[in-house]
Amino acid sequence: MTNGHISQEDLTLHAMQALSPEEDAAVRSHLMECGACRDDLASVAGDLTLVALSVERTPLPAGAKARFLDKITGSPANAPESTGGASISIDRKPVRSRVIWIPWVAVAALLVLAVSLEVQVQRLDARLRIEAERTAQLTATTAHAQEVLDVLTAPNAQRVLLTAAKTPPAPSARAVYLAARGALIFQADNLVQVAENKTYELWVIPADGSAPIPAGLFRPDAAGNASVVLPSLPVGIAAKAFGVTLEKAGGGATPTAPILLAGAAPGE
Amino acid sequence: MTGAAAASDEVLIDRVRAKDEPAMGAIFDRYATMVYSVALRVLKEPGQAEDVMQEILLQVWNMPDRFVRGRGSLGAWLAVVARNRAIDVLRQRRPTESCDEVVLASATNLASEFEQRAMMEKVRGVMKKLPEEQQRSVELAFFEGLSHSEIAARTGDPLGTVKTRIRAALISLRKGIEA
């Protein structure tokens, strides 16, 4: 306690359930009566959220969503009314009187069947709506991605490099790399033409110091432009830098000096 | 984006109250990975982590009023509830607190994967800069569910030092994020 209130340290431990049971009981008791400490606790809990948010995301196990949807479609809120566990009395009347009730039993069974089918239809309809929304979302995302790719790779796209006035255009390139997906888009401008038996080759220089990884061969068009789009690369390799070398037509296993274009990747 | 996928958390919760399954599906898409990841970080066992995730999201479906507006963002609330429930599972005990008790002052918007990832990167960056002993103390308390006396016993540090370190780490974290 500090000045009749719970210390920030103890509130933090309480929010993390890290106090002993006795200490925790004392804190709970005080919180019931003290609005100021409750406000402080909310602030501390907000800070703890940040710790939780530092966790690296892990993809859900396969089928997790389907299992969840099954649960909510089968949850009590959606389930048809049950008998509430009421006991069913056994009819001891003569067989003849039961025969009278057979048509009614059949009608009741049909009603139950109809209700059951209606519930099934509603579930399928809900599932269909979810899938339709997901499909629409994916379609929009794909269309946008395709549009970006089309612009980046269109042979007739105008590629303009802005430099200080009166500066002769020099070879330059840009690499966009997403290590987590092993995805790379590379565009170069103002490249010098190369002989028939030569080719440019792009390299990814891994951050862990391992050997450069070949990331595609390319030759410039008449205007000196070239691009490499989504070459085959291993996933999860953090890049320290990218480089371009001149190699024999079939490409090289290791970069041949000199490195004609190079760029360091910004640190994480 | 369409319908539920583009709606705000508040709108989705309202629709969940009316038992709108696509709205609950959108909340699942938005937060299930985060909730699962937090639980997995604590439990280190995918099956148990999925059980925790399913249980928490099922509570949102069955009792959406447990999340009360003004108590912070839905994403932040789910992250804390996931951690607390996972610690309960780790300690093999019944839930020590009801979700109703989790009140937090956090307006952090986590409705999109981009916002979640951006916040994760920012927090990780700030945490890396904390003194190693502060990082370790927070790690032991938050993710391993150790009490302050257990941490003191494990690290050999005085009890008061452990408390101060954890508090100092959270203050630095908040300042680092607000900077």
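**Some points on the overall build of chain B**
Right, so step 1: Of the regular secondary structure elements, chain B holds nine helices and zero strands.
Right, so step 2: Listing every helix and strand of chain B by position from the N terminus yields α-α-α-α-α-α-α-α-α.
Right, so step 3: Partitioning the intrachain contacts of chain B with sequence separation of at least 6 by distance along the chain shows that 62% fall at a separation of at least 24.

**So, the overall build of chain A**
Right, so step 1: A tally of regular secondary structure across chain A gives five helices and seven strands.
Right, so step 2: Traced from its N-terminal end to its C-terminal end, chain A shows the element sequence α-α-α-α-α-β-β-β-β-β-β-β.
Right, so step 3: When each of the 268 residues of chain A is scored for burial, the buried share is 22%.
Right, so step 4: Of all intrachain contacts in chain A linking residues separated by at least 6 positions in sequence, the fraction that spans at least 24 positions is 59%.

**Concerning the interface of chain B and chain A**
Right, so step 1: On the side of chain A, 47 residues touch chain B, which itself brings 60 residues to the contact.
Right, so step 2: Counting residues per element, the ones that place at least two in the side of chain B that touches chain A are helix 1 (3-6), helix 3 (21-43), helix 4 (46-62), helix 5 (74-90), helix 6 (113-128), helix 7 (132-143), helix 8 (148-155) and helix 9 (159-178) of chain B.
Right, so step 3: A per-element tally of the side of chain B that touches chain A places helix 3 of chain B first, with 13 residues.
Right, so step 4: Residue classes in the side of chain B that touches chain A are distributed as 35 nonpolar, 16 polar and nine charged.

**Concerning the pairing of strand 1 (residues 172-178) of chain A**
Residue and element names in this part refer to chain A.
Right, so step 1: As paired elements, strand 1 and strand 2 (residues 183-189) share seven bridges and run antiparallel to each other. Paired with Ala173 across the two strands is Ala188, which belongs to strand 2.
Right, so step 2: The antiparallel pairing of strand 1 with strand 2 creates a hairpin that spans four residues between the two strands, and Gly182 there sits at a positive phi of about 65 degrees.

**Focus: the confidence of the model for chain A**
Right, so step 1: This prediction gives chain A a mean pLDDT of 81; 86% of its residues lie at or above 70.
Right, so step 2: Between residues 79-96 of chain A, whose pLDDT stays under 50, and residues either more than four places distant or in other chains, the model counts five contacts.

**Digging into helix 9 of chain B**
Right, so step 1: When the terminal C-alpha atoms of helix 9 of chain B are compared, their 29 Å separation across 20 residues agrees well with the 28 Å that a helix rising 1.5 Å per residue should span.
Right, so step 2: Among the residues of helix 9 of chain B, Val162, Lys163, Arg165, Ile166, Arg167, Ala169, Leu170 and Leu173 of chain B are the ones counted as buried.

**Focus: unusual backbone geometry**
The phi torsion of most residues other than glycine is negative, and most of the peptide bonds are trans.
Right, so step 1: Following Ala257 of chain A, the chain continues into Pro258 of chain A via a peptide bond in cis, with omega recorded as 5 degrees.
Right, so step 2: Summarising the element assignment, Pro258 of chain A is placed in the loop between strand 6 (239-248) and strand 7 (259-264).
Right, so step 3: Unusually for a residue other than glycine, Leu230 of chain A sits at a positive phi of about 50 degrees.
Right, so step 4: Tracing the backbone through its elements, the reader meets Leu230 of chain A in the loop between strand 5 (226-229) and strand 6.
Right, so step 5: One non-glycine residue, Lys19 of chain B, adopts positive backbone phi at about 60 degrees.
Right, so step 6: Relative to the elements of secondary structure, Lys19 of chain B occurs in the loop between helix 2 (9-17) and helix 3.

**Some thoughts on the sheet that holds strand 5 of chain A**
All names here are of chain A.
Right, so step 1: Read across the sheet, three strands follow the order 1-2-5 without closing on themselves; strand pairing throughout is antiparallel. A single partner strand is all that each edge strand has here, and the edge strands are strand 1 and strand 5. Strand-to-strand twist in this sheet, taken as the mean axis angle between neighbours without regard to direction, amounts to 5 degrees.

**Quick word on the nonpolar core**
Nonpolar side chains in soluble globular proteins tend to be buried together.
Right, so step 1: Ranked by size, the top nonpolar core spans 73 residues in total, and within it Val35, Val38, Ala39, Leu78 and Ala82 of chain B carry the most contacts.
Right, so step 2: Residue contributions to this core peak at 15 residues, all from helix 3 of chain B.
Right, so step 3: Contact partners of Val38 of chain B, with chain neighbours within four places excluded, come to Ala52 and Val55 of chain A together with Ala79, Ala82, Arg83 and Ala86 of chain B.
Right, so step 4: Among the nonpolar cores identified, the runner-up in size contains 19 residues, and Ala175, Leu202, Ile205 and Phe242 of chain A belong to it.

**As for the pairing of strand 2 of chain A**
All names here are of chain A.
Right, so step 1: With burial as the criterion, only one face of strand 2 is covered, namely that bearing Leu184, Phe186 and Ala188; the residues Ala183, Ile185, Gln187 and Asp189 on the opposite face remain uncovered.
Right, so step 2: Direction of pairing for strand 2 relative to strand 5: antiparallel, over a ladder of four bridges. Paired with Phe186 across the two strands is Val228, which belongs to strand 5.

**Regarding the packing of helix 3 (residues 35-53) of chain A against helix 9 of chain B**
Right, so step 1: Taken N-terminus to C-terminus, the directions of helix 3 of chain A and helix 9 of chain B make an angle of 75 degrees; their axes are 9 Å apart at the nearest point. When the interaxial angle is binned, helix 3 of chain A and helix 9 of chain B end up roughly perpendicular. Across from Val44, Asp47 and Leu50 of chain A in helix 3 of chain A, the residues of helix 9 of chain B making contact are Leu170, Leu173, Arg174 and Ile177 of chain B.

**Let's talk about the sheet that holds strand 7 of chain A**
Residue and element names in this part refer to chain A.
Right, so step 1: Spatially, four strands are ordered 4-3-6-7 in an open sheet, and the strand pairing comes out antiparallel. Edge positions in the sheet fall to strand 4 (213-218) and strand 7, since each has one partner strand and no second. Direction aside, the axes of adjacent strands within the sheet are offset by 20 degrees on average.
Right, so step 2: One ladder, built from nine bridges, connects strand 3 (residues 198-206) with strand 6; its direction is antiparallel. What sits directly across from Ile205, in strand 6, is Ala241.

**Brief notes about the confidence of the model for chain B**
Right, so step 1: With 82% of its residues at a pLDDT of 70 or more, chain B shows a mean pLDDT of 84.
Right, so step 2: Scored as a whole, the predicted complex attains pTM 0.55, and scored at its interfaces, ipTM 0.83.

**Observations regarding the packing of helix 4 of chain B against helix 5 of chain B**
To describe two helices that pack against each other, one gives the angle between their axes and the distance between the axes.
All names here are of chain B.
Right, so step 1: Interaxial distance between helix 4 and helix 5 falls to 10 Å at its minimum, and their mutual angle equals 130 degrees. When the interaxial angle is binned, helix 4 and helix 5 end up oblique. For the pair helix 4 and helix 5, the crossing hand works out as right-handed. Residue-level inspection shows Gln48, Val52, Glu55 and Ile56 of helix 4 in contact with helix 5, the latter providing Leu78, Val81, Ala82, Arg85, Ala86 and Val89.
Right, so step 2: When grouped by side-chain class, the residues that make up the contact of helix 4 with helix 5 number seven nonpolar, one polar and two charged.

Each value, and the rule that gives it
- Residues numbered from 1 in each chain as written.
- Chains lettered and ligands numbered in written order.
- Predicted model: local features only at pLDDT ≥ 70, side-chain atom pairs only at ≥ 80, totals over all residues.
- Helix = DSSP H or I, 4+ residues; strand = E, 2+ residues; numbered from the N terminus.
- Contact = placed C-beta atoms within 7 Å.
- Buried ≥ 20, exposed ≤ 12 C-beta atoms within 10 Å, placed from the backbone.
- Nonpolar A, V, L, I, M, F, W, Y, C, P; charged D, E, K, R; others polar.
- Pairing = 2+ DSSP bridges.
- pLDDT = per-residue confidence, 0-100.
- Expected span 1.5 Å × (residues − 1).
- Axes fitted to C-alpha atoms, helices over the stretch in contact; angles between N-to-C directions.
- Core = buried A, V, L, I, M, F, W, Y, C linked by C-beta atoms within 7 Å.
- Parallel < 35°, antiparallel > 145°, perpendicular 65-115°, else oblique.
- Left-handed = near helix turned anticlockwise from the far one by under 90°.

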